Amino acid sequence: MKRSPLTVTVLTDTHLYSLKNGFEGKAYDRANSKSQILLAESGEVLDAAFAQISADNRSDIVLICGDLTSNGDLESHKEMIAKLRRLKESGKRVYVITATHDFRKNGVTSAYRGDEKIEVPTATRDMLFDMYREFGPNEAISVHRESMSYVVQLSDGYRLFALNDDTNKNGKSGFSDECFEWITAEAERAWRDGQMIIAMTHHPLIAPSPIYATIGKGDMLGDYEARIEQLADIGVSFIFTGHTHIHNISDHCSKRGNRLYDICTGSPIGYPGVMRTVTFADDVDITTDYVSEPQSFRDKGIKLHDALGQQLIGIIRRMIEVAATDVDRLADMAVSISIKPKLVYKFGWIIKPIFKFLNSLKVSTVARWTKKETGLKKEDYADIKDVKVVDIITELVLNLYGGESKYPPETPVYKITVGMLHIIDSILGILHIDMKKITKVAGSATELIEPLLYNTNIDSYTAKLPIPRYYPQGEQGEIVEKPATSETVKKSKKGLPLIIAAALILIVFLPVWLLLILIGFLSNSVKYRDKLK
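Conventions and cut-offs
- Residues numbered from 1 in each chain as written.
- Predicted model: local features only at pLDDT ≥ 70, side-chain atom pairs only at ≥ 80, totals over all residues.
- Heavy atoms only, no water.
- Helix = DSSP H or I, 4+ residues; strand = E, 2+ residues; numbered from the N terminus.
- Rg over C-alpha atoms; globule rule 2.2 N^0.38 Å.
- Buried < 20%, exposed > 50% of the residue type's maximum accessible area, 1.4 Å probe, protein only.
- Contact = heavy atoms within 4.5 Å.
- Areas by Shrake-Rupley, 256 points an atom, 1.4 Å probe, with all protein chains shown as cover.
- 1 Å grid on protein atoms, 1.4 Å probe; cavity = no way out; pocket = protein on both sides within 12 Å on 5 of 7 lines; lining within 4 Å.
- Points joined across faces, edges and corners; volume = space filled by probe spheres on them.
- Phe/Tyr/Trp six-rings, centres within 6.5 Å; stacked < 30°, edge-to-face > 60°.
- Pairing = 2+ DSSP bridges.
- Axes fitted to C-alpha atoms, helices over the stretch in contact; angles between N-to-C directions.
- Salt bridge = Lys/Arg side-chain N within 4 Å of Asp/Glu carboxyl O.
- Core = buried A, V, L, I, M, F, W, Y, C linked by side-chain atoms within 4.5 Å.
- Polar contact = N/O pair within 3.5 Å; in protein donor to acceptor, adjacent residues only side chain to side chain.

## Considerations on the overall build of the protein chain
Turning to step 1, where the next piece is worked out: The helix and strand tally for the protein chain stands at 20 helices and 15 strands.
Turning to step 2, where the next piece is worked out: By the compact-globule yardstick of 24 Å for 533 residues, the protein chain fits well, its C-alpha radius of gyration being 24 Å.
Turning to step 3, where the next piece is worked out: Across its three principal axes, the protein chain shows a C-alpha extent of roughly 75 × 60 × 45 Å.
Turning to step 4, where the next piece is worked out: Relative to its 533 residues, the protein chain shows a buried fraction of 54%.
Turning to step 5, where the next piece is worked out: Across the protein chain, the fraction of contacts at a sequence separation of at least 24, relative to all contacts at a separation of at least 6, is 72%.
Turning to step 6, where the next piece is worked out: In the structure as shown, the protein chain presents an accessible area of about 24700 Å², 56% of it carried by carbon and sulfur atoms.

## Things to note about empty space enclosed by the protein
Turning to step 1, where the next piece is worked out: Under the definition given, this model contains one cavity of 30 Å³ or more.
Turning to step 2, where the next piece is worked out: Taken as a whole, the largest cavity holds about 80 Å³ of empty space.
Turning to step 3, where the next piece is worked out: In terms of lining, the largest cavity is formed by Val96, Ile97, Thr98, Leu128, Phe129, Tyr132, Pro137, Met148, Tyr150 and Asn164.

## Description of unusual backbone geometry
Turning to step 1, where the next piece is worked out: Residues Tyr271 and Pro272 are joined by a peptide bond in cis, for which omega reads 10°.
Turning to step 2, where the next piece is worked out: Considering the arrangement of structural elements, one finds Pro272 in the loop between β12 (259-264) and β13 (274-280).

## Details of the packing of aromatic side chains
Turning to step 1, where the next piece is worked out: All chains considered together, the criterion is met by 10 aromatic pairs.
Turning to step 2, where the next piece is worked out: Ring centres of Tyr17 and Tyr28 lie 6.2 Å apart, and the angle between their planes is 40°; this geometry places the pair in the tilted category. One end of the pair, Tyr17, is in the loop between β1 (6-11) and α1 (26-33); the other, Tyr28, is in helix α1, with 11 residues separating them in the sequence.
Turning to step 3, where the next piece is worked out: With a centroid separation of 6.3 Å and 70° between ring planes, the pair formed by Tyr28 and Tyr112 is classed as edge-to-face. A residue pair is termed long-range when its members are at least 10 positions apart, and Tyr28 in helix α1 and Tyr112 in strand β4 (residues 108-113) qualify at 84 residues. Across the pair, exposure class does not vary: Tyr28 and Tyr112 are buried alike.

## Structural notes on the sheet that holds β13
Turning to step 1, where the next piece is worked out: Read across the open sheet, the six strands follow the order β3-β2-β1-β13-β14-β15; overall the sheet is mixed. Across the chains shown, the open sheet's two edge strands, defined by having one partner strand only, are β3 (93-96) and β15 (463-466). Looking at each pair of strands side by side, their axes are set apart by 25° on average, direction ignored.
Turning to step 2, where the next piece is worked out: Relative to β3, strand β2 (residues 61-64) is paired through four bridges, and the arrangement is parallel. Residue Ile64 lies in a different strand from β3, and its bridge partner there is Val96.

## Remarks on the pattern of salt bridges
Turning to step 1, where the next piece is worked out: In this structure the tally under the stated criterion is 22 salt bridges.
Turning to step 2, where the next piece is worked out: A salt bridge links Lys464 to Asp285; the shortest N-O distance between them is 3.3 Å. With Lys464 in strand β15 and Asp285 in strand β14 (residues 283-290), the pair connects residues that are 179 residues apart, well separated along the chain.
Turning to step 3, where the next piece is worked out: Assessed through its relative accessible area of 27%, Asp285 is described here as partly exposed.
Turning to step 4, where the next piece is worked out: Look at the salt bridges and you will find they share partners, linking Lys20, Glu75 and Lys78 into a network.

## Quick word on the nonpolar core
One broad trend across soluble globular proteins is that nonpolar side chains are buried collectively.
Turning to step 1, where the next piece is worked out: In terms of nonpolar packing, the biggest core is built from 118 residues, with Leu84, Tyr132, Phe161, Ile183 and Leu231 touching the most fellow members.
Turning to step 2, where the next piece is worked out: With 11 residues, helix α9 (residues 304-323) is the single largest residue contributor to this core.
Turning to step 3, where the next piece is worked out: If near-sequence neighbours (up to four positions away) are discounted, Phe161 is found in contact with Tyr150, Val151, Ile183, Glu186, Ala187, Ala190, Ile197, Ile198, Ala199 and Met200.
Turning to step 4, where the next piece is worked out: Judged by nonpolar contacts, the second largest core, of 29 residues, contains Leu6, Ala162, Ile198 and Phe240.

## So, the sheet that holds strand β10 (residues 238-241)
Turning to step 1, where the next piece is worked out: Taking strand neighbours across the sheet as the criterion, the seven strands line up as β6-β7-β8-β9-β10-β12-β11 in an open arrangement whose pairing is mixed. Since the sheet does not close on itself, it has two edges, and those belong to β6 (142-144) and β11 (248-253), each with one partner. With direction set aside, neighbouring strand axes in the sheet form an average angle of 20°.
Turning to step 2, where the next piece is worked out: As paired strands, strand β8 (residues 158-162) and strand β9 (residues 196-200) are joined by five bridges and run parallel to one another. Bridged to Arg159 within β9 is Ile197.
Turning to step 3, where the next piece is worked out: Along the sheet face, helix α5 (residues 177-192) touches β6, β7 (149-155), β8 and β9 and points at about 165° away from the line of β6.

## Comments concerning the pairing of β12
Turning to step 1, where the next piece is worked out: Counting buried positions along β12 gives six out of six residues, so the element sits mostly inside the fold.
Turning to step 2, where the next piece is worked out: Where burial is concerned, the two faces of β12 agree: the one with Arg259, Tyr261 and Ile263 and the one with Leu260, Asp262 and Cys264 are both buried.
Turning to step 3, where the next piece is worked out: Two strands pair when backbone bridges link them, and β11 and β12 are joined in this way by six bridges, in the antiparallel orientation. Paired with His252 across the strands is Leu260, a residue of β12.
Turning to step 4, where the next piece is worked out: Taking the residues that link successive antiparallel strands as the turn, the β11-β12 hairpin has five residues, and the phi of Gly257 there is positive, at about 100°.

## Overview of the side chain of Thr201
Turning to step 1, where the next piece is worked out: Mapping Thr201 onto the fold places it in the loop between β9 and α6 (210-215).
Turning to step 2, where the next piece is worked out: In terms of polar contacts, Thr201 uses its side chain to reach the backbone carbonyl oxygen of Leu163, at 2.8 Å.

So yeah, pure geometry; function would need other evidence.
Take a look at the structure:
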């Protein structure tokens, strides 16, 4: 059937934090220092975002993919519902799902009074469906009550699958088998009725970067490897996601040849401070809008994008600093960028000396190490020779969250970084160390880190995606391999000589090395015994 174009506004991870929970004092400052999003300013930023949406006549449909509140406290829910009602009153149709930040199993979360952290009541999971019933479920043509998922007829030819993934009933996010049976039945009905499926859920199905799949796998949709194949093969070609706060578009082709696009959107109150406008027609046109500054920001001459960047940069730099000195503090902060505390405690004894070294390392030193691989002369990197390596690491994390490509292959930062990665890969190759077995996602250090420098896949901000053909069971589509990227850095041959040199040093100082490693491992195991459990 011929469908008329349909345009929707998409945002996610609004994380509203009520000022009634406290916004000053040492206790709040401690919480804010490890937050990658703006807490106290979240309400006014969301007001600015919703005003922007209300004034935008491109679409009357707004989709919000979960984590409506910061930590599920009742005051934040009341304020969020009031904001959503005002958005509806402006003429918008609003459809939301809740997620893991919108409730607490024990019914309490933290608030702050001066120097003290106190407890305040939260919503529990069973309260959420009725709390947000007016924002989607009341219009549903089908509901899976246990998962709080629903299907809505958005327009002639378009059906929204709002899929709540806060539990798969096996201790992870995702969908239970019984819920997925309902999703499959609804997808089959949609195809019989000639409807295009537009889906939204909270957790991503495709890692925005190989390194995220390594360190943040627990923040992906539970059983995502299986579910992405299944969703593609029941005809879900476009799914909006969030949770990571990373602005990214990725795609996956199933073994049957069905393509699924995971359109993950950054948070409006975290870097880069964005939302999307998506038009479904003969193809799918995706644009990104930055959230405009609230009045208080304009009065102070502050750009919201810059403030969000500084909030994220601040936490990264503090983490790099404490990584060299304080494992407990690092573990406490690491959760804000999806690193589990247990991982920090497990490798803390190795992390500290590495980051002590990194905190003093400059780009010029690494450039000299990688001269044969990059072919760069001193004048080629003169502008960045005194830049600290940790500042480059900070920029790479910003690249990850912002979905940006700041360092294309012709830039010195790209060449020097990839040159160093090639040296590491050369060493790993000589030692027959299989990175794929370690990371599960990348066959080399270069494959793991290079995407943080430059995005060779779909543009995260502006994209025109084809509507894939759907191949039902019994048919086979073409599986197209992604083209290889051009090489601007030579492969390294330094692995063998470096290993020989290291072996000689190791032999000479073997007793010292063994003693240091043993002391480090044992002291770490004893010191963090309870944390490692």
